Amino acid sequence: MTVSAHDIAAELRRRLPGVGKKKLHKLLYYAHGHHLADLGTPLFSENVRAWRMGPVVGSLWQEEDRGEPAPEPHELSEAELNSIGYAISRYGNLTGNDLERFSHTEEPWIVSRQSYAEGGSDRINNDLIRDFFRRIDEDDDEAGAPREVIREWLSATRPSANPPSGTPTSREALVARLSVA
């Protein structure tokens with residue numbers, strides 16, 4: 001059963017107290033993308049939208065803006081918890097603005113914004129997200145991050161506090177990746 005973005009957001013907020021709204025939504029997107037790429041299933045059921053500020057779970061953003069109470073959180077699986085942990089370890093040192101700039105260099109947002117500008121939907125298709133994250137995982141493989149270790153880590157029976165070796169986790173490594181794109 002796919003959980004709600006509310007459930008994933010609650011866990012992100014638990015692990016990152018005081019996380020800003022923009023950063024929260026980018027972390028939702030990155031956790032969702034890596035989960036799709038590595039496990040082949042969506043992390044949450046809601047659609048990711050290509051808003052001006054980057055990928056956003058629009059329904060969650062709007063519900064929170066209206067002050068609607070969050071539903072009671074569901075228990076998350078080990079794989080879901082590990083996908084969240086992976087996103088935090090990889091992107092958590094970046095600011096919301098860093099993540100916005102980062103996402104603006106990526107195909108899912110670019111293609112979806114173009115479609116929206118041409119009168120289409122701003123929804124970012126899960127297949128587009130999955131395929132993009134599979135490609136960046138392959139690029140990371142070539143840079144030394146062992147894909148099988150990442151897959152095992154995400155689907156392990158116990159959440160791990162440590163990302164696989166070779167995974168860029170520092171803010172500097174991720175910002176350096178931004179400047180290359």
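For the structure itself, consult the block above.
Quantities reported herein were computed from a predicted structural model and do not represent experimental measurements. (Residues numbered from 1 in each chain as written. Predicted model: local features only at pLDDT ≥ 70, side-chain atom pairs only at ≥ 80, totals over all residues. Heavy atoms only, no water.)

Of the regular secondary structure elements, the chain holds nine helices and three strands. Each helix and strand of the chain, placed in order from N terminus to C terminus, yields the pattern α-α-β-β-α-α-α-α-β-α-α-α. Counting across all 181 residues of the chain, residues that qualify as buried make up 47%. Restricting to contacts in the chain with at least 6 residues of sequence separation, those with at least 24 account for 74%. Carbon and sulfur atoms form 49% of the exposed surface of the chain, whose accessible area is close to 8700 Å². (Helix = DSSP H or I, 4+ residues; strand = E, 2+ residues; numbered from the N terminus. Buried < 20%, exposed > 50% of the residue type's maximum accessible area, 1.4 Å probe, protein only. Contact = heavy atoms within 4.5 Å. Areas by Shrake-Rupley, 256 points an atom, 1.4 Å probe, with all protein chains shown as cover.)

One way to put it is that helix α2 (residues 21-39) packs onto helix α4 (residues 78-91) with a least axis distance of 9 Å and a crossing angle of 120°. Overall, the two elements α2 and α4 adopt an arrangement that is oblique. The interaxial crossing formed by α2 with α4 has right-handed handedness. Where α2 abuts α4, its residues Leu27, Tyr30, Ala31, His34, His35 and Leu39 lie against Ala79, Glu80, Ser83, Ile84, Tyr86, Ala87, Arg90 and Tyr91. Classifying every residue of the contact of α2 with α4 by side-chain character gives nine nonpolar, three polar and two charged. (Axes fitted to C-alpha atoms, helices over the stretch in contact; angles between N-to-C directions. Parallel < 35°, antiparallel > 145°, perpendicular 65-115°, else oblique. Left-handed = near helix turned anticlockwise from the far one by under 90°. Nonpolar A, V, L, I, M, F, W, Y, C, P; charged D, E, K, R; others polar.)

Turning next to the environment of Pro108. With respect to the helices and strands, Pro108 occurs in helix α6 (residues 107-117). The class of Pro108 is buried, set by a relative accessible area of 0%. For the pair Pro108 and Asn125, spaced 17 residues apart in sequence, the C-alpha separation works out to 7.8 Å.

Moving on to the nonpolar core. Ranked by size, the top nonpolar core spans 36 residues in total, and within it Ile8, Leu12, Leu28, Phe44, Tyr91 and Phe133 carry the most contacts. For this core, the secondary-structure elements that each account for two or more residues are α1 (5-15), α2, β1 (48-51), α4, α5 (96-103) and α7 (126-142). Those residues in contact with Leu12 that lie beyond four places of it in its chain are Leu24, Leu27, Leu28, Ile84 and Ile88. (Core = buried A, V, L, I, M, F, W, Y, C linked by side-chain atoms within 4.5 Å.)

This part takes up the pattern of salt bridges. Counted according to the given criterion, the structure contains 11 salt bridges. Residue Arg15 is joined to Glu11 by a salt bridge in which the shortest nitrogen-to-oxygen separation is 2.7 Å. Of this pair, Arg15 and Glu11 both sit in helix α1, four residues apart, roughly one helical turn. The partly exposed category is assigned to Arg15, whose relative accessible area is 30%. The exposure class assigned to Glu11 is buried, which follows from its relative accessible area of 11%. Three or more residues are tied together by salt bridges with common partners; here these are Glu11, Arg14 and Arg15. (Salt bridge = Lys/Arg side-chain N within 4 Å of Asp/Glu carboxyl O.)

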